[in-house]
Amino acid sequence: MKKIFSFLLIGTMALGMTACSPSKPAAAAPAESAKTEAAAPEAAPAAAEELPLIGVTIYKYDDNFMSFVRQNIEKAAEGKAQLIMNDSQNDQAKQNDQVDAMIAKGVKALAINLVDPGAAPAIADKAKAAGIPVIFFNKEYPEGTDKVGYDSAWYVGTSSAEAGVIQGELMADAWKANASWDTNGDGKMQYVMLMGEPGHPDAEARTKESIATVEASGIGVQELAKQTGMWDAAKGKELMETWLAAHGEKIEMVVCNNDGMALGAVEALKAAGYFTGDKFMPVVGVDAIPEALDLISKGQMAGTVLNDADNQGRATIELAINAALGKDVLEGTSWVLDATRAVRVPYVAVTK
Ligand code: BGC
Ligand code: CA
């Protein structure tokens, strides 16, 4: 009988998300929707038209993690800014058009979740020509936001490598605590890797650092398969099915760059009879979305790393409002900028 070691890394933010957010991303909304935020219940509430108008794009609404960032952006803007929200539907050309349209409508700042991280300089050029500031978030220009060619461009996200290191640590600790996970008894971890989109700094760094951290802890590894599942549950499921057919019980660990793909992998594993009787497979992700926390509590995921959607959404809108009002972007906030003009919200690791 295999000993199932269930590993839970959660933080207060994850609990907050569980408590106040629907567990499924909202159904695809129209590509653009104007939102007028309600004014705060103060003595003299600001009229909506006095609030700064901020143009926001999300690379696609149909992304598990980004649905939480989006909700937190809307919540953080309440009574402080009017938002124009856009679903870029995973299409950079569409996003470029949305940016042009928002500039034409007179937005005072842009908050842009790029489709293609490499498109940052092109968007920065548009913002620069219009004389408005831009806050990129979640998808970082790989060379750094200080290299996009515009001084009034900033980034809000994470330190990409950090999630990989934390994920690697939790894999190594759990592996050492569960000798039975080494099913072929060769002392090495035979793993498959579901990667996020190529060229996304989070995906590249998580892929590299997770395995490097396992190896640094003294555990040998062997990669059986590695492919991009584009952050997506359906693609993760498909790839896991393919890998189960090709490698079957040789697989000892499923490493996923995010929880969305981990949910898909768990689906495929369940269909192949895993998680019943003593048939078990450790699956790890990143984000700590509610569905993943649920799987962890059921022993069907071995762990995840909290990607703080709440604070990333809040920091994005706080910087955007300051920039829109011509203030120092950090005024009245507790965020700090690094040398590349980026605010890096920490991943939160809190054990059960
Ligand atoms: C998240 C992924 C998400 C991606 C979108 C990453 O930081 O972990 O879940 O799909 O951002 O850009
Ligand atoms: Ca092994």
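Our structure's up above, just so we're on the same page.
Residues numbered from 1 in each chain as written. Chains lettered and ligands numbered in written order. Predicted model: local features only at pLDDT ≥ 70, side-chain atom pairs only at ≥ 80, totals over all residues. Heavy atoms only, no water.

Digging into helix 5 (residues 160–177)
With 18 residues, helix 5 extends 27 Å from end C-alpha to end C-alpha; this agrees with the ideal 26 Å at 1.5 Å per step. Among the residues of helix 5, Ser160, Ala163, Gly164, Ile166, Gln167, Gly168, Leu170, Met171, Ala172, Ala174 and Trp175 are the ones counted as buried. Where the residues of helix 5 are buried, they touch strand 7 (188–195), helix 6 (201–216), strand 9 (253–256) and strand 10 (283–284). (Helix = DSSP H or I, 4+ residues; strand = E, 2+ residues; numbered from the N terminus. Expected span 1.5 Å × (residues − 1). Buried < 20%, exposed > 50% of the residue type's maximum accessible area, 1.4 Å probe, protein only. Contact = heavy atoms within 4.5 Å.)

A word on the site of ligand 1
Every residue lining ligand 1 is accounted for by Tyr59, Asp63, Phe65, Asn138, Lys139, His200, Asp202, Arg206, Trp231, Asn258, Asp287 and Asn307. Between ligand 1 and aspartate 63 there is a distance of 2.6 Å, counted from an oxygen atom to a side-chain nitrogen or oxygen. Histidine 200 places a polar side-chain atom, nitrogen or oxygen, 2.9 Å from an oxygen atom of ligand 1. Notes on ligand 1: free accessible area 310 Å², of which the protein chains cover 100%. When the residues that make up the shell around ligand 1 are grouped by side-chain class, the tally is three nonpolar, four polar and five charged. Domain assignment of the residues forming the shell around ligand 1 places at least three in each of domain 1 (23–158 + 309–345) and domain 2 (161–306). (Near = heavy atom within 4 Å. Polar contact = N/O pair within 3.5 Å; in protein donor to acceptor, adjacent residues only side chain to side chain. Areas by Shrake-Rupley, 256 points an atom, 1.4 Å probe, with all protein chains shown as cover. Nonpolar A, V, L, I, M, F, W, Y, C, P; charged D, E, K, R; others polar. Domains from an automatic or database assignment.)

Structural notes on the pattern of salt bridges
Within the structure shown, the criterion is met by twelve salt bridges. Residues arginine 206 and aspartate 202 are paired through a salt bridge, measuring 3.5 Å at the closest nitrogen-oxygen approach. Here the residue arginine 206 and the residue aspartate 202 both occupy positions in helix 6, the gap between them amounting to four residues, near one helical turn. A salt bridge links glutamate 318 to arginine 314; the nearest nitrogen and oxygen atoms lie 3.1 Å apart. One end of the pair, glutamate 318, and the other, arginine 314, are both in helix 10 (residues 309–324), four residues apart, so they sit about a helical turn from each other. (Salt bridge = Lys/Arg side-chain N within 4 Å of Asp/Glu carboxyl O.)

With respect to the sheet that holds strand 10
Strand order in the open sheet formed by four strands is 8-7-9-10, and the pairing between neighbours is parallel. What marks the edges here is a single partner per strand, and that holds for strand 8 (220–228) and strand 10. Here strand 7 runs beside strand 9; their pairing, made up of four bridges, is parallel. The partner of leucine 194 across the bridge, within strand 9, is cysteine 256. Along the sheet face, helix 7 (residues 233–247) touches strand 7, strand 8 and strand 9 and points at about 130° away from the line of strand 8. (Pairing = 2+ DSSP bridges. Axes fitted to C-alpha atoms, helices over the stretch in contact; angles between N-to-C directions.)

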